Amino acid sequence: MLDSAARVTFFGHTHHQGGFSYSNASNNLEVLNLRPRSAEPFAALRTETGTRLSSESGSIGQPRDGDPRAGFAIADLEHDVVEFWRVPYDIAAVQSRMRAARLPEALAQRLSLGR
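If you're wondering where the values come from, they're calculated on a predicted model, not measured in any experiment.

## Considerations on the overall build of the chain
When helices and strands are counted, the chain shows 2 helices and 7 strands. In terms of overall dimensions, the chain has a C-alpha envelope of 55 × 25 × 20 Å along the principal axes. Within the chain, the proportion of its 115 residues that are buried is 34%. The long-range fraction of contacts in the chain, counting pairs at least 24 apart against all pairs at least 6 apart in sequence, stands at 61%. Entry remark: accessible area of the chain is about 7100 Å², with carbon and sulfur atoms responsible for 55%. Each charge class in the chain can be summarised by its mean position, and for the 13 positive and 13 negative side chains these summaries are 9 Å apart.

This is the structure in structure tokens:
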């Protein structure tokens, strides 16, 4: 993140929504826990001038943060906002397809738990 001059950078493969914010003025690095509450579809983060954001948008499959909903982000940089979304999907149908493909049962089971 500190090597990038971009205002917003996305990374992946952690399966957790969140990230880091770095303020150029204060030389401060902050951990961001950006996840919508269970009853909410999204959480918004307003980007600020002089601050860089490095974030994980979440996981459409195999989330690891305890929320089984699919996670993704929408960045609207013209309006200085990044929205972190969680939406339900048919987990049972996906689990059935995973079992039919003979994928490990542990992978199918963890979809229900988001772990």
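Next, the rest of the story.
## Some words on the side chain of Gln17
Among the secondary structure elements, Gln17 is positioned in the loop between β1 (8-11) and β2 (18-23). A polar side-chain atom of Gln17 sits 3.4 Å from the main-chain carbonyl oxygen of Phe72. At 3.0 Å, the side chain of Gln17 and the backbone oxygen of Trp85 are in polar contact. In contact with Gln17, other than residues within four places in its own chain, are Leu34, Arg35, Pro36, Glu56, Ser57, Gly58, Asp65, Gly71, Phe72, Phe84, Trp85 and Arg86.

## Describing the sheet that holds strand β4 (residues 42-46)
The 3 strands lie next to each other as β4-β7-β6, forming an open sheet whose pairing is antiparallel. The open sheet is flanked by β4 and β6 (70-76), the only strands paired with a single partner. Strand-to-strand, the axes of this sheet are offset by a mean angle of 15 degrees, without reference to chain direction. Across 5 bridges, the pairing between β4 and strand β7 (residues 81-87) is antiparallel. What sits directly across from Arg46, in β7, is Val81.

Definitions and cut-offs
- Per chain, the residues get numbers from 1 upward, laid out in the order the sequence is written.
- Local features in this predicted model are restricted to residues of pLDDT 70 or higher, and side-chain atom pairs are both shown and tallied only at a pLDDT of 80 or more, whereas totals for entire chains, interfaces and linings draw on every residue.
- Side-chain measures were taken over the full set of non-hydrogen atoms in the model, leaving aside hydrogen atoms and water.
- Starting at the N terminus, helices and strands are each numbered in turn, a helix being any DSSP run of H or I of at least four residues and a strand any DSSP run of E of at least two.
- Here the term buried applies to any residue with accessible area under 20% of the maximum for its type, exposed to any over 50%, and partly exposed to those in between, with areas from a 1.4 Å probe on protein chains only.
- Contacts: residue pairs with any heavy atoms within 4.5 Å of one another.
- Surface accessibility in these figures is a Shrake-Rupley result with a 1.4 Å probe; residues are shielded only by whichever protein chains are displayed.
- Asp and Glu are treated as the negative residues and Lys and Arg as the positive ones, with His and the ends of the chain left uncounted.
- By convention, the point assigned to a charge is CZ for Arg, NZ for Lys, CD for Glu and CG for Asp.
- Polar contact criterion, stated in full: a pair of N or O atoms within 3.5 Å, where within protein one must be able to donate a hydrogen and the other to accept it, and residues adjacent in sequence count only if both atoms are side-chain atoms.
- For two strands to count as paired, DSSP must find a minimum of two bridges between them.
- A fitted line through C-alpha atoms represents every axis, and for helices the fit uses only the stretch in contact; the resulting angles, taken between N-to-C directions, go from 0 to 180 degrees.

In short, shape yes, function no, at least from these values alone.
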